[in-house]
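# Fold and contact review
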Amino acid sequence: MANGQWYPPEWPDRIRALADGSLTPVVPKRAATVMLLRDAEATAGPAVHMLRRRASMAFAGGAYAYPGGGVDPRDEHQIRWAGPTRAWWAQRLGVDEATAQAIVCAAVRETYEEAGVLLAGPTDDTVVGDTTGEDWEADRAALVARDMSFAEFLDRRGLALRSDLLGAWTRWITPEFEPRRYDTWFFVAALPEGQRTRNASTEADRTVWIRPAEAAASYDKGELLMMPPTIATLRQLIPYDTAAHALAAAPDRDLTPVLARAGLEDGEIVLSWPGHDEFTKHIPTGQAPA
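Reference entry: report on the structure contained in this document. Remember, predicted model here, so these are calculated numbers, not experimental data.

### As for the packing of aromatic side chains
- Inspection of the entire model under this criterion finds 10 aromatic pairs.
- Between W169 and Y240 the ring centres are 5.7 Å apart and the planes differ by 80 degrees, which places this aromatic pair in the edge-to-face class. In this pair, W169 sits in strand β8 (residues 167–173) while Y240 sits in the loop between α7 (228–237) and α8 (243–249), placing the two residues 71 residues apart along the sequence.
- Joined through ring pairs, the aromatic side chains of Y112, W136, F150 and F153 make up one cluster.
- A cation over a ring is seen here: R157 above W136, with NZ or CZ 3.7 Å from the ring centre.

Following this line, the structure appears as structure tokens:
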């Protein structure tokens, strides 16, 4: 492997099955993930919080990713909401208002579940501080176990979700030949003052704060394993010198979904992601990817 691109060995067979019509694509599940940024003292730009998925995970085991996960149906429940309206988010994300709330809610909830960082506050212009106490941990565990909805959690603590602390960055859909598929919206957010990340995820064995350029360089050397959306978004973050500048750029980002294409050309399986030529793979029929 020349770089750190995650590539499951079963993909060629599944791509062939999709091409000959024997594989029916799974409907993707809506999901959200957050690129949490923290400004450093130096001038080399902000660092991003990443976690390494446990090697035992069925999907992308050993790969570096951002906090995130699937939408919970209860993410549509009524909650206190601060920032741009649900209608604004519906237009931005290209979905109806209920779905827009669920996606934004999932982004905030998953960031709290997996990184211990909460983008919510007691008023529309404040955000909670330290969230590491035993009572906070008990609530976080209840959210992870799905014993409590995020709406119930916010209501119990008198908090409003701060949608203005998020910026929608990009959208990727898992390839049609994958058995586990996600329609994932990627967001950017700055680490709130007074809060700190921790490895709160049972799916991760390591977390790091790393500058996007450093992470991309390690990927290019084959040292860090990543899925195409992860390395693509890291490269997109490199030009920004502060978290605020990245957030300010988010409203102008194109959210047209990126979906891999796979087909048979001249005896090869060609796998590509539109607009991202670096991920194109040419796989001779009957062989593993080069």
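### Comments concerning the nonpolar core
- Core analysis: the biggest nonpolar cluster contains 42 residues, and L93, L118, L166 and F187 have the highest contact counts within it.
- Elements that contribute at least two residues to this core include exactly β1 (29–38), α2 (86–93), α3 (97–115), α4 (134–144), α5 (150–157) and β9 (182–190).
- In terms of residues, this core owes the most to one element, α3, which gives 10 residues.
- One finds L23, F177, A215 and A232 within the second-largest nonpolar core, a separate group that totals 37 residues.

### What about unusual backbone geometry?
- The phi torsion at R146 lies on the positive side, around 65 degrees, for a residue other than glycine.
- Tracing the chain through its elements places R146 in the loop between α4 and α5.

### Brief notes about the pairing of strand β13 (residues 268–273)
- Sheet topology places strand β12 (residues 261–265) next to β13; 5 bridges connect them, and they run antiparallel. Its bridge partner lying in β13, E265 is registered against E268.
- The turn joining β12 and β13, which pair antiparallel and follow one another in sequence, is formed by 2 residues; a positive phi near 50 degrees is taken by D266.

Conventions we followed
- Residues numbered from 1 in each chain as written.
- Predicted model: local features only at pLDDT ≥ 70, side-chain atom pairs only at ≥ 80, totals over all residues.
- Heavy atoms only, no water.
- Phe/Tyr/Trp six-rings, centres within 6.5 Å; stacked < 30°, edge-to-face > 60°.
- Helix = DSSP H or I, 4+ residues; strand = E, 2+ residues; numbered from the N terminus.
- Lys NZ or Arg CZ within 6 Å of the ring centre and 35° of its normal.
- Core = buried A, V, L, I, M, F, W, Y, C linked by side-chain atoms within 4.5 Å.
- Buried < 20%, exposed > 50% of the residue type's maximum accessible area, 1.4 Å probe, protein only.
- Pairing = 2+ DSSP bridges.

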